[in-house]
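In case you want the letters, here they are:
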Amino acid sequence: IALILVCFSYFVKNKKYFLLIQVFANIFYAGAFLFQNLFVAGFNTIVSIVRTAIFYLYFKSDKNNIPIYVPLIFTGIYILNFIVFYTSMLDITALFTSIVFTFALYIKNMQTTRCVSLLPNIVLCVYNFVNKCYSSSVLDLIESVVIIVSIIYYHIKSKKVTESTNITKNENNRVGKL
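Residues numbered from 1 in each chain as written. Predicted model: local features only at pLDDT ≥ 70, side-chain atom pairs only at ≥ 80, totals over all residues. Heavy atoms only, no water.

## A short note on the overall build of the chain
Helices and strands together make up the secondary structure of the chain, namely seven helices and zero strands. The order of helices and strands in the chain, counted from the N terminus, is α-α-α-α-α-α-α. If you line up the chain on its principal axes, its C-alpha atoms span 75 × 35 × 25 Å. Buried positions account for 42% of the 178 residues belonging to the chain. Contacts in the chain between residues at least 24 apart in sequence constitute 63% of all its contacts with a sequence separation of at least 6. Accessible surface, the chain as shown: approximately 9,900 Å² in total, 71% of it carbon and sulfur. (Helix = DSSP H or I, 4+ residues; strand = E, 2+ residues; numbered from the N terminus. Buried < 20%, exposed > 50% of the residue type's maximum accessible area, 1.4 Å probe, protein only. Contact = heavy atoms within 4.5 Å. Areas by Shrake-Rupley, 256 points an atom, 1.4 Å probe, with all protein chains shown as cover.)

## What about the environment of E143?
Mapping E143 onto the fold places it in helix α7 (residues 134-177). Each C-alpha atom of the pair E143 and V50 lies 21 Å from the other, and the pair is 93 residues apart in sequence.

## Thoughts on the state of the cysteines
Evaluation of the coordinates by the stated rule reveals zero disulfides. This cysteine, C7, is not joined by any disulfide, and C125 carries the nearest cysteine sulfur, 13 Å off. Residue class for C7 comes out buried when judged on its relative accessible area of 16%. Here C125 is not disulfide-linked; the sulfur of C133 is the nearest cysteine sulfur, at 11 Å. (Disulfide = S-S within 2.5 Å.)

## Regarding the packing of aromatic side chains
What the rule picks out here adds up to 13 aromatic pairs. With 6.1 Å between their ring centres and 20 degrees between their planes, F39 and F43 make a pair best called stacked. Remark: F43 and F39 occur in helix α3 (residues 39-60); sequence separation between them is four residues, near one turn of the helix. Here F39 falls in the partly exposed class, since its relative accessible area comes to 33%. (Phe/Tyr/Trp six-rings, centres within 6.5 Å; stacked < 30°, edge-to-face > 60°.)

## As for the side chain of T93
Inspection of the secondary structure assignment puts T93 in helix α5 (residues 91-106). Not counting residues up to four positions away in its chain, the partners in contact with T93 are V123 and Y127.

## Topic: the confidence of the model for the chain
Low pLDDT means the predicted atomic positions in that stretch should not be read closely. In this model, the chain carries a mean pLDDT of 88, and residues with pLDDT of at least 70 account for 90%. Model confidence for the chain, summarised as mean pLDDT per element, is weakest for α7 at 79 and strongest for helix α4 (residues 69-85) at 96. (pLDDT = per-residue confidence, 0-100.)

## Examining the environment of I151
Assignment of secondary structure puts I151 in helix α7. Residue classification places I151 among the buried positions, given a relative accessible area of 16%. Along the chain, I151 and T113 lie 38 residues apart, while their C-alpha atoms are 9.7 Å from each other. I151 has contacts with Q111, R114 and C115, leaving out every residue within four places of it along the chain.

Right, here's the structure in full:
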């Protein structure tokens, strides 16, 4: 279920819907981490559910701007969680991915969000594999491929729109010169 939700989320244009889908997908991630006794990753994912829900509410409201202190507060919570539940050097990976994902979601532009999400997703794939969370590792690998496909898809789509706009402008200029 998480895989379907996550894959679908990268193909929505609207940041608000992307965030809403991510909330539900993260519920499954949290369960997988906690089941494997990966407490830093598990509790960070629970915090991420709250973070993503709050970001969703900001984008849903007319404000549409998340104050910079909001991702900074979540970064502090992730660091505190890391200090409290630290068990191995691998926990630094969970800390890193949570912080990068926070700032990826903070960015308004969906294409930039997709691009910034790719690196921590690949790192998380390796983290899951090393920690023997094989199903989560496969999910993150597929998610990384989906992110790459969505980046390419929206890049090509934006180029077509730009080219179409330029053609229309050129045709209007020719008509104006006649």
